[in-house]
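# Tertiary structure, described
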Amino acid sequence: STVLSQMKEAERAHAHGEKALKLDPEAEASHWAMGIAAITSGRPFLAKRHFREALRIDPTDPRNEEMFKVADRMTRPTMLPFYYYSHLANKVPG
């Protein structure tokens, strides 16, 4: 799912992330995969939810806290327009 997110194949990334969540909904990696897929496909609120869940599962991992903070920052009213603008700008070829 993470690799597909980096390749900008959002639909396939979400499908693989959902499969991982169905197999093990209490796995930190499953929520991480869905969080990365959501943040790269223009769904910052969904990403925040999954990173919050990963942080709940393993609060000792500093990566979970950092990614939750990143997603939280992106959903704030002052940052949200910039996030959507940069997301759209990345879709423009060239």
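Shown above is the structure to which this text applies.
What counts, and where the lines are drawn
- Residues numbered from 1 in each chain as written.
- Predicted model: local features only at pLDDT ≥ 70, side-chain atom pairs only at ≥ 80, totals over all residues.
- Heavy atoms only, no water.
- Helix = DSSP H or I, 4+ residues; strand = E, 2+ residues; numbered from the N terminus.
- Contact = heavy atoms within 4.5 Å.
- Patch = residues over 30% accessible without salt bridge, like charges linked within 9 Å, V, L, I, M, F, W, Y side chains within 5 Å.
- Areas by Shrake-Rupley, 256 points an atom, 1.4 Å probe, with all protein chains shown as cover.
- Salt bridge = Lys/Arg side-chain N within 4 Å of Asp/Glu carboxyl O.
- Buried < 20%, exposed > 50% of the residue type's maximum accessible area, 1.4 Å probe, protein only.

### Quick look at the environment of A71
Turning to its location among the elements, A71 is positioned in helix α5 (residues 62-74). The spacing of A71 and F45 is 26 residues in sequence and 7.5 Å in space, taken between C-alpha atoms. Beyond its immediate stretch of four places on either side in the chain, A71 contacts I39, P44, A47, K48 and F51.

### So, a nonpolar patch on the surface
A contiguous nonpolar surface patch, about 340 Å² in accessible area, is contributed by M79, F82 and Y85. With a relative accessible area of 32%, M79 lands in the partly exposed category.

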